[in-house]
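Here's the letter readout for the chains.
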Amino acid sequence: MFKSLAVPEFLAKIDPVKCIRCKRCIQNCGWSVYSWGGDKVLIDTFKCVKCLRCYHYCPEEAITIEDNPVIYRNNANWGYNHIRNIKRQAETGGIPLTGMGSDLPYPILFDHLLIDACQVTNPSIDPLREPMELRTYLGKKPARLEFDKGPDGKLRLKTKMPPQIKLEMPFIFAPMSYGSISLNAQKTIAMAAKELGIVMNTGEGGLHEEIYPYRSNVIVQVASGRFGVNPDYLNAGVAVEIKIGQGAKPGIGGHLPGEKIPLDIAKTRMIPVGTDALSPAPQHDIYSIEDLRQLIYALKEATNYTKPVSVKIAAVHNVAAIASGIVRAGADIVYIDGFRGGTGAAPVIIRDHLGIPIEHAIAAVDDRLRQEGIRNEASIIAAGGIRSSADAAKAIALGADAVALGTSALITMGCTVCGKCYTGNCSWGITTQRPELTVRLDPEVYAERLINLIHAWSHELKEILGALGVNAIESLRGSRERLRGVGLDSQTLDILGVKPAGR
Amino acid sequence: MLTIDAKGIYYRDLNNKVREAVAKGEKEIFLKNINGQYYIGDGLRGDVKITIEGVPGNDLAAFMDGPTIIIKNNAQDNIANTMNSGKVIVHGDAGDVLGYGMRGGKLHIRGNVGYRVGIHMKGYKKQNPIIIAGGKAGDFFGEYMAGGVLILLGLDGDNKRPLVGDYLGTGMHGGVIFIRGDVDKKGCGAEVGITDLNEEDKKFLKEHLEDYCKDFNLKTEDIMKSGFKKLTPASLRPYGNLYAY
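Engineer: Any chance you could explain the overall build of chain A here in plain terms?
Structural biologist: Regarding its fold elements, chain A presents 16 helices and 23 strands. Computed over C-alpha atoms, the radius of gyration of chain A comes to 24 Å, within 12% of the 23 Å expected from 2.2 N^0.38 for 503 residues, which places it in the range of a compact globule. A separation of at least 24 residues holds for 69% of the contacts in chain A among residues at least 6 apart in sequence.

Engineer: In this structure, what is going on with the overall build of chain B? I would like to understand it.
Structural biologist: Scanning chain B from terminus to terminus reveals three helices and 12 strands. Within chain B, the proportion of its 245 residues that are buried is 53%. Pairs at least 24 residues apart make up 41% of the contacts formed inside chain B by residues separated by at least 6 positions.

Engineer: Explain the interface of chain B and chain A here, please?
Structural biologist: Many structure descriptions define interface size as the accessible area lost when the parts assemble. With 40 residues of chain B in contact, the opposing surface of chain A contributes 33 residues. Breaking the side of chain B that touches chain A down by element, the ones donating at least two residues are helix H1 (11-23), strand S8 (146-152) and strand S12 (243-244) of chain B. Grouping the constituent residues of the side of chain B that touches chain A by class yields 15 nonpolar, 16 polar and nine charged. Note that strand S5 (residues 95-98) of chain A and S12 of chain B share two bridges and pair parallel. Residue pairing for S12 of chain B: Ile95 of chain A is matched across the bridge by Tyr243 of chain B.

Engineer: Whenever I open this one, the domain arrangement of chain A confuses me. Can you help?
Structural biologist: All names here are of chain A. Taken domain by domain, chain A holds domain 1 (10-94) and domain 2 (162-500). Counting residues at the interface gives 10 residues for domain 1 and 10 residues for domain 2. Each residue belonging to the side of domain 1 that touches domain 2 can be placed in one class, and the counts come to five nonpolar, three polar and two charged.

Engineer: What should I look at first to understand the environment of Ala90 of chain A in this one?
Structural biologist: Residue position: Ala90 of chain A is located in helix H3 (residues 80-92). Sequence spacing of Ala90 of chain A and Ala6 of chain A is 84 residues, and the spatial spacing of their C-alpha atoms is 10.0 Å.

Engineer: What should I look at first to understand the nonpolar core in this one?
Structural biologist: For soluble globular proteins, the rule of thumb is that nonpolar side chains tend to be buried together. Residues and elements named next belong to chain A. In this structure, Val218, Val334, Ile336, Ile362, Ile381 and Val403 are the most contacted members of the largest nonpolar core, which totals 224 residues. With nine residues, the single largest contributor to this core is helix H14 (residues 443-468). When sequence neighbours within four positions are dropped, the list of residues in contact with Ile336 reads Ile313, Ala315, Val319, Ala323, Ile358, Ala361, Ile362, Val365, Ile380, Ile381, Ala382 and Ala383.

Engineer: Is there a simple way to explain the sheet that holds strand S18 (residues 333-337) of chain A in this structure?
Structural biologist: In a beta sheet, neighbouring strands pair by backbone hydrogen bonds and run either parallel or antiparallel. All names here are of chain A. The eight strands are arranged S11-S21-S20-S18-S17-S14-S13-S12 in an open sheet whose pairing can be described as parallel. Two strands close off the open sheet at either side, each with one partner strand: strand S11 (171-173) and strand S12 (200-201). One ladder, built from two bridges, connects S12 with strand S13 (residues 218-222); its direction is parallel. Of the residues in S13, the one forming a bridge with Asn201 is Ile219. Strands strand S17 (309-314) and S18 of the sheet are contacted by helix H8 (residues 319-328), whose axis makes an angle of about 155° with S18.

Engineer: What's the story with the sheet that holds strand S6 (residues 113-115) of chain A in this structure? I'm lost.
Structural biologist: Residues and elements named next belong to chain A. The strand order across the open sheet formed by three strands is S6-S22-S23, and the pairing between neighbours is mixed. For this open sheet the edge positions go to S6 and strand S23 (499-500), each flanked by a neighbour on one side alone. Note: strand S22 (residues 483-485) against S23, two bridges, orientation parallel. Bridge assignment links Gly485 to a residue of S23, and that residue is Pro500.

Engineer: What exactly am I supposed to notice about the pairing of strand S20 (residues 379-383) of chain A here?
Structural biologist: Every regular strand shows the same layout, with side chains that alternate between the two sheet faces. Residue and element names in this part refer to chain A. For S20, the buried fraction is high: five of the five residues fall into the buried class. Residues Ser379, Ile381 and Ala383 of S20 are buried on one face, and the alternating residues Ile380 and Ala382, pointing to the opposite face, are buried as well. In terms of strand pairing, S18 meets S20 through five bridges, oriented parallel. Paired with Tyr335 across the bridge in S20 is Ile381. Bridge count between S20 and strand S21 (residues 402-405): two bridges; the pairing is parallel. Within the sheet, the bridge partner assigned to Ile381 lies in S21 and is Ala402.

Criteria and cut-off values
- Residues numbered from 1 in each chain as written.
- Chains lettered and ligands numbered in written order.
- Predicted model: local features only at pLDDT ≥ 70, side-chain atom pairs only at ≥ 80, totals over all residues.
- Helix = DSSP H or I, 4+ residues; strand = E, 2+ residues; numbered from the N terminus.
- Rg over C-alpha atoms; globule rule 2.2 N^0.38 Å.
- Contact = placed C-beta atoms within 7 Å.
- Buried ≥ 20, exposed ≤ 12 C-beta atoms within 10 Å, placed from the backbone.
- Nonpolar A, V, L, I, M, F, W, Y, C, P; charged D, E, K, R; others polar.
- Pairing = 2+ DSSP bridges.
- Domains from an automatic or database assignment.
- Core = buried A, V, L, I, M, F, W, Y, C linked by C-beta atoms within 7 Å.
- Axes fitted to C-alpha atoms, helices over the stretch in contact; angles between N-to-C directions.

Right, here's the structure in full:
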């Protein structure tokens, strides 16, 4: 075995004077960067991913993690990642994997959109003193409402409302399966969802018995591997989601390797211990919109039409036409995941080069559904790179009903977006199943942080609404007139349906 | 026994009637004049027996958990999609994508089956889904198979089409396929190993065929006379070396 010629990305360093040999860094590093050399800590910097667990847990602040200055000769064309991946592929013949959303500098349109505010001619509202409505209902809305008079002479709703998911704020947690994240991480999200009055999503990993108590805040997912799906599961949550694709890896399936499937995960997925959990790229019973309709209604039949059915797709070139088909196929919710969306594991080449950004996708889908007069038939969830309440507000103004948060929720648990989720060594206990690592993540403690984040974002959203002079998130939804573009070409502005700043 | 005349009834109303009857404790239901209604027995639970006269539509017994459904004629696509337990007996032929993600129960088909049968079937603890087809099968038989049992008998077919199509067991990483007749390795997925049956396999096969033969008035000995081939995955981790970490 020769030493890899792919140079390390980071240099882990310990100040020998400050170091008190407490060995906490050795205990804390999930990647085994540190080991004990008898009188000092030894460092294998090739293994370092800069997750900063050791840095935070060193009591003496003796550790620094630097970007390796000895990278390849500066070259605007042959970047570090290109050379390094070629070397890794030459050594292994494999497909380089990665975690999290793409880190390449593609334009982020959220950063080129600005939100309007009231000045002089229309009053802004102070959300601290006036009621501000963030409540959001996801599901099919009737095209018209009919009323009749009840026995008491009062008007009552005659139209039967299709099933809805009630959210206290326009956020949901993105699907992350038990297997891709630890049970403690899933529990953290479930506890936060319940407390906040929003929902989390099982991902395609089944529903663990410890998540069952949170079932009225859970969307259960059905994907190509059908893991953990039985009638109990389908009826457990508030909605059922058919997963067709994921923004980080559109068009490709999932693959949880057998060595990451211990007893508890096997039980939740209802598969034997140690076999690969393969989610085929397509659902082999869905080759058309008609086939999708068949599965949507199979799920509605299995849940006796009491749950909304969501269909999750990756944002791809023809997303508007596809979304229109999904709505016509009977979906109550269309979940669109932009290409910057996160993942527990995806080939780098797929993550960084397939799909389209969420901003274009929301605008295109919302436009298309409005043009066809079917926008009321389904709610739109936007996901894939929502980093702040401003991103959320812009996504909603472009036409989304709610946004889904994955990476930002994990960051509240300690994640530093190091992108090594696929290794299963997460030192923060999030994307790992190693018991000595997962035990670090106390759901009680971290649920509170996640709740704090969503409360803070909700306050910010209310402030934005107040500045806009409206008192409900409903008034911002699809209101692109309240957005302006900066530094965008006319075609992009046209796609977004947004005027340039100054107009 | 409850008889429902399904003539001209929309599937949703029909399935509602069935669900209501099962909820009331009906143990035997006879559906006559069925003509392509979808989702019969979808998500249904309990120990009810449903007999169908006519050709039912797609997604019969999807997510089903317990009931027995007997179809006296042909059936269509997607039978036993993600079925959890129970039994479906088809006296005629059946279509494509049967038993997708099926986790338990039995699907007995007297005649031929279409493409992509038994995709991603999986076993779990005591649950071991079984599909037995009496005739021939199309391409992608047992694709992505992760558990359970697929048995193909090729009983009374002509020689116009092969016993089983191409891409047999592609991506297979669990479960077992028994084929009555010869299997060409060239037509199989790379992940499949082909062996002859040992005594234990024969005993296992006989046990399941006896149940099958009882459903269709056949003789197990006649079927067992010809040789079977057994297909199993060469590895539980077919794609273990695909990635660079």
